[in-house]
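Okay, here's what each chain looks like letter by letter:
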Amino acid sequence: MQRYLARRLLLLIPTLLLASVLIFAIIALAPGDPARMMLGSQATPEEIEVERERLGLNQPIPVRYAIWLTDVAKLNLGVSQSNRRPVAALIGDALPYTLRLALISLGVAMLIGFPLGILAALNANRRLDAIVTAINSLGLAMPAFWLGLLLILLFSVELKWLPASGMGEPNRPLYERLHYLIMPVATIAFSNLSVFSRYVRSAMIDVLSADYVRTARAKGLAEQAVVVRHALRNAMIPVVTIVGIQFGRLLGGAVVTESVFAYPGIGRLVINSIANRDYPVVQATLMLVVLIFLITNIIVDASYAYLDPRVKLERGR
Amino acid sequence: MTAGGPGDPSIGVAASATSTSAVTTSAEPGRAAGPVGSPILGTARRLTRNRKGIVGVGFLALLLAVAIFGRFLVPYDPNEVHVTDQLAPPSSTYWLGTDELGRDVFSRLITAAWPAMQAGVLAVSLAGLVGSLTGLAAGYFGGWLDAVIGRVWDTLLAFPAIFLAIGIVTILGPGQFSGVLAIAIINMPVSSRLVRAVTVSARSTDYVEAARTLGCSDWRVMTAHILPNCIAPLIVQLAIAVPEAILVEATLSFLGLGAPLPAPTWGNMLGSAQTYLARSWTYALFPGFAITLTVIGLNFLADALQDALDPRRIRAGSATA
C-alpha cells in the first residue's frame, strides 16, 4: 500500500506540471490586457506600458511561465491585481467556506441518498423503487442554478425566511450565520443524493443476488442482519468511490451554486477573478483545484483497495 | 463521467458480441428479428420494446423538431422588444410572459432549443469523432503515440469538467462556438479511452490477425475490423454525454460565458431571470423546465440505448449505475 501511494504521488508531479502548462496557457492566451484592466480606460499608453513592465507581461511567454512556476513551487502565489491582497490570503479566506459547504452538503446527501437507495433496492421494481427512481432522475436533470433560483424564489422572495445570498457578516460567529448555508446545502445535496441513491441502489441489487447473501439467508439469519451485515457492507465498496469523487469535485468549489448564492468560496473566487482578469488569482486557484481533485482521486483509489482486498493496486494503472 | 474509464476493459469484450453482426447490413425486414439481422433494426426494435425507449425516442424527435423548425414558427421575433410590457405574466398575448425588455419568453424559449441541441449533439459528436480517431490510433499502434495521447487525456481529466470548460471558454472568448468546442474537449478523454480499451482487446483477436495477414492496410483494419466493435459502447457513452453537455452549456451561459446577448439560451435567460426574481417569478420558471425536461427525456433515451446495446443488460435489465 505504501509503495502504491508513493508511486501515485510521484506520478502526480508530471500531471501537475502538464496541468500547470494548460493553466498558464489559459491565462496567456486569454484575450484582454490585464494591465489595461487594472488601470481602467483613463490610462495613457505610457502608463499601461509601465504597468505591463511591472507585471512582467513584456517578457516572452516561456520566461513568464518559468517565473510563475518557480514562484508557485516556492508557494509564493503573488498578489491579486484587483484588490492588491495576497492570493494566499484570498484562498485562505475562501477555502474554509468551500470546505464547510462540501462537507455539510455531502453529509446531508449521504443521510438521505443512502437510505433511499437501500429502500429502492429492497423494493426493486415495485412502486417505492419507481418513486425513488423518479426523484433521482429529477435530481440529475435539474440544473443546480435553477434549483437555487427556485429556492430563493420560495424562501427569500415569497416567504422571506432565508437570506438570498452571501454568508453574512464575516466577524459574526458562525452559528449565527448558519441559516445562510441552508439553501446552498440543499441545492448541492439534492443533485448528490440522487447520484448516491442510484449507486447505492445498483450496488445493493448486485450484492443481494450474490451467493454469500443467499447463504446468509439459507442459514436462517434475520433479514435485517442479512441486509445490514452482509449486503450493505459489501455494497458500500463501490459507493465509496463515488462519494470520494463527488467530494473532490465539491472541494474545488461548487462553481454554479456558489455563484447563485454569492457564496464566498473557491468556485466564486475563480469565476470573479476570471471576470476581472485577475490572473494571479485564477492561476493559483485553478492549480489548487487540480491538486485537490487529483489527491482525492488517489485517496479514493487507495481506500477502494483497502475496502476490497480483491483489488490489487501494484499493477493497476 | 466515470463510466467507461480505464478500469472498465470488459466493455469491449462484451460489446463485440453485438457488433460482429455488423457485416450483414442489408437484411430483409423479416430477418431483422433474429440475432443475425441488421444491427440497426435490431437495436431499434429492442429500443422501442421498453417504455423508456419509446419515451426517449419520442422526446428526441420532438426536441429535434422544435430545435430545427421552432425558430420559424414562434409568434414573435425572439429579440423584439415591447417596452410597455416588461416582465409581464403569462397571458394570451405572451403565452409564457415577457422578460425585462418585454421580449416574448415563449419565442425565446423555443429559439433557444437550437443552441442547446448544438451543444448537445454537435459537441458530443465532435468528441466522439476525435475520441474514436485518437483512441483507435493509441490502442492500435501503442508505443509512444499511446503514451502521448494518454498523457493529454490525463491532463484534461485532472480538471473538474466545469473548470476545464470555463478555462477553454476563457481562452476562446465567450460564445456559442467556444462553448461547443469546450464541451467537445471535456468529453474527448472518456470517448478516447473507451475506444482505446476496445481496440486493445480487439487487436489480438483472430479476425484482426487474419485481416492483417491478408494484407489489409492499418487504416482498413482499424476502420473495417476494429471500429465496429467500438460502436455500441461508444454510442451508449455518447448518449449519456448529450444531456450532460446540454447541462454544461446551460451552466456556461448562465455564468455569462455562452452565446452573447441578445441571442437567447436557456442558461442566459435564467441568468437574467435571477436579477428580476422579485418582480417576475414565472420568468425564472420556464427556461428551467425546458432544461430539466430535455435532460430527463435524453437520459431516458440514454438508459434505453444502454439496455438495447449492452448484452449484459438485456439479461439483467435492472441495475443502472
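Residues numbered from 1 in each chain as written. Chains lettered and ligands numbered in written order. Predicted model: local features only at pLDDT ≥ 70, side-chain atom pairs only at ≥ 80, totals over all residues.

The helix and strand inventory of chain A stands at 13 helices and zero strands. Starting at the N terminus, the α and β elements of chain A follow one another as α-α-α-α-α-α-α-α-α-α-α-α-α. Judged by the C-alpha coordinates and their principal axes, chain A covers about 85 × 55 × 35 Å. When each of the 317 residues of chain A is scored for burial, the buried share is 38%. When contacts within chain A are restricted to residue pairs at least 6 apart in sequence, those whose partners lie at least 24 apart make up 71%. (Helix = DSSP H or I, 4+ residues; strand = E, 2+ residues; numbered from the N terminus. Buried ≥ 20, exposed ≤ 12 C-beta atoms within 10 Å, placed from the backbone. Contact = placed C-beta atoms within 7 Å.)

Here we take up the overall build of chain B. For chain B, the count of helices and strands is 13 helices and zero strands. Moving toward the C terminus, one meets the helices and strands of chain B in the order α-α-α-α-α-α-α-α-α-α-α-α-α. When the 321 residues of chain B are sorted by exposure, 49% land in the buried category. Across chain B, every contact between residues at least 6 apart in sequence was considered, and the portion connecting residues at least 24 apart equals 69%.

It is worth spelling out the interface of chain B and chain A at this point. Taken together, the contact pairs 37 residues of chain B with 41 residues of chain A. Mapped by element, the contributors of at least two residues to the side of chain B that touches chain A are helix 6 (143-157), helix 7 (161-172), helix 10 (218-254), helix 11 (266-275) and helix 12 (286-309) of chain B.

Residues and elements named next belong to chain A. Across the interface, helix 9 (residues 211-218) lies against helix 10 (residues 223-251) with an axial gap of 10 Å and an inter-helix angle of 150 degrees. The pairing of helix 9 with helix 10 is recorded here as roughly antiparallel in orientation. Seen from above, helix 9 lies across helix 10 with right-handed handedness. Residues Y212, V213, A216 and R217 of helix 9 pack against V226, H230 and A231 of helix 10. (Axes fitted to C-alpha atoms, helices over the stretch in contact; angles between N-to-C directions. Parallel < 35°, antiparallel > 145°, perpendicular 65-115°, else oblique. Left-handed = near helix turned anticlockwise from the far one by under 90°.)

Counting 168 residues, the largest nonpolar core has M204 of chain A together with A165 and I183 of chain B as its most contacted members. When sequence neighbours within four positions are dropped, the list of residues in contact with A165 of chain B reads A182, I183, I186, V248 and L252 of chain B. (Core = buried A, V, L, I, M, F, W, Y, C linked by C-beta atoms within 7 Å.)

Next up on the list: the environment of V169 of chain B. Residues and elements named next belong to chain B. Position of V169 relative to the elements: it lies in helix 7. Sequence separation between V169 and L252 is 83 residues; the distance between their C-alpha atoms is 8.7 Å. If sequence neighbours within four positions are ignored, V169 has contacts with P174, S178, G179, A182, L252 and L257.

With that settled, consider the confidence of the model for chain A. Residues with a pLDDT of 70 or more make up 95% of chain A, whose mean pLDDT is 83. Taking the mean pLDDT of every element in chain A, the minimum, 69, falls on helix 2 (residues 34-39) of chain A and the maximum, 91, on helix 5 (residues 87-122) of chain A. (pLDDT = per-residue confidence, 0-100.)

Residue and element names in this part refer to chain B. With 23 residues, helix 3 (residues 51-73) extends 30 Å from end C-alpha to end C-alpha; this agrees with the ideal 33 Å at 1.5 Å per step. When the local axis directions of helix 3 are compared, the greatest deviation, roughly 40 degrees, occurs at A67. Turning to helix 3, its buried residues number three or more, namely G53, G56, L63, V66 and A67. (Expected span 1.5 Å × (residues − 1). Bend = angle between axes of the 7 residues up to and from the residue.)

As a further point, take unusual backbone geometry. Peptide bonds are mostly trans, and most non-glycine residues show a negative phi. Residue and element names in this part refer to chain A. Its identity is not glycine, yet N125 carries a phi of approximately 65 degrees, on the positive side. Examined against the element boundaries, N125 turns out to sit in the loop between helix 5 and helix 6 (127-141). With 12 C-beta atoms counted inside 10 Å, the residue N125 sits in the exposed group. Notably, A262 is not glycine yet its phi reads approximately 45 degrees, a positive angle.

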